[in-house]
Amino acid sequence: MANYQSIPADEQLMAQLWIRFKSGDERAFDQLVQARYRVLFNYATRFTKDRDLIKDCLQDLFLELWNRRAVIVETPYVTIYLIKAFRNNLFRRIRRDSARPLSTDETLEWETIATEELTADHKWIADEMLVSTEQSLRRAVDQLPKRQQEVVFLKFYEGLTNDDIAQVMDIEKQTVANFLYRAMAQLRTILPVRLFS
């Protein structure tokens, strides 16, 4: 069973809203959309800079959820469900709308992450953001291969566990660990040594 300790603290509320939304409660649905819109939007910026495309995909996702609410599964992990559904919809749309491969120079929007019980790598990333050198971290992450960027985003920005990331990306947990290991190794070669002391 996956360890879901690191998903947002309000996930229990999200699960309650999900149940109400499934029964047709429009207010609960609006609260769900409002609570996770920004998370999903920021996640999409990892794959495209086209803000209109992202907004369209979000609108499509939420419209599809509303229309299919009666047959959608109940889940205590709404955020993971939404990220995975949105990721699938976004990738389908990008493939359909464009023959170009995903760009590796797309920017990642980082925000401050909680610093409780952080591993050395978590602390390093949190410190990097807190000492006003966020730009160098962004540039370094942008140099990573696309899948490593996504894993770093989900791990450090969204706070998901390796199990959760594997579920969202539809890959094995060991692959997530490998991506993280390689990403951290590459970031260590790119970023100043002072960050690892």
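Remember, predicted model here, so these are calculated numbers, not experimental data. (Residues numbered from 1 in each chain as written. Predicted model: local features only at pLDDT ≥ 70, side-chain atom pairs only at ≥ 80, totals over all residues. Heavy atoms only, no water.)

(A) Broad picture of helix 1 (residues 11-22). Compared with the 16 Å implied by 1.5 Å per residue over 12 residues, the 16 Å span of helix 1 between its first and last C-alpha is a close match. In the core, the buried residues of helix 1 are packed alongside helix 2 (26-44), helix 3 (51-67) and helix 4 (78-97). At the C-terminal side of helix 1, Gly24 shows a positive phi close to 100°. (Helix = DSSP H or I, 4+ residues; strand = E, 2+ residues; numbered from the N terminus. Expected span 1.5 Å × (residues − 1). Contact = heavy atoms within 4.5 Å.)

(B) Structural detail: the packing of helix 4 against helix 8 (residues 162-169). Interhelical geometry of helix 4 versus helix 8 gives an angle of 35° and a closest axis separation of 8 Å. For the crossing formed where helix 4 meets helix 8, the hand is right-handed. For the pair helix 4 and helix 8, contact is made by Ile80, Ile83, Lys84 and Arg87 and by Asp164, Gln167, Val168 and Met169, respectively. When the residues that make up the contact of helix 4 with helix 8 are grouped by side-chain class, the tally is 4 nonpolar, 1 polar and 3 charged. (Axes fitted to C-alpha atoms, helices over the stretch in contact; angles between N-to-C directions. Left-handed = near helix turned anticlockwise from the far one by under 90°. Nonpolar A, V, L, I, M, F, W, Y, C, P; charged D, E, K, R; others polar.)

(C) The arrangement of unusual backbone geometry in detail. Residue Asp170 is not a glycine yet carries a positive backbone phi of 60°. For Asp170, the position within the fold is in the loop between helix 8 and helix 9 (173-190).

(D) Broad picture of the packing of aromatic side chains. Across all of its chains, the model carries 10 aromatic pairs by this definition. Relative to Phe62, the ring of Phe29 has its centre 6.2 Å away and its plane inclined at 80°; by these criteria the two rings are edge-to-face. With Phe29 in helix 2 and Phe62 in helix 3, this pair connects stretches of sequence that are 33 residues apart. Note on Phe29: relative accessible area 12%, which makes it buried. Residue Phe62 is classed as buried on the basis of its relative accessible area, which comes to 8%. (Phe/Tyr/Trp six-rings, centres within 6.5 Å; stacked < 30°, edge-to-face > 60°. Buried < 20%, exposed > 50% of the residue type's maximum accessible area, 1.4 Å probe, protein only.)

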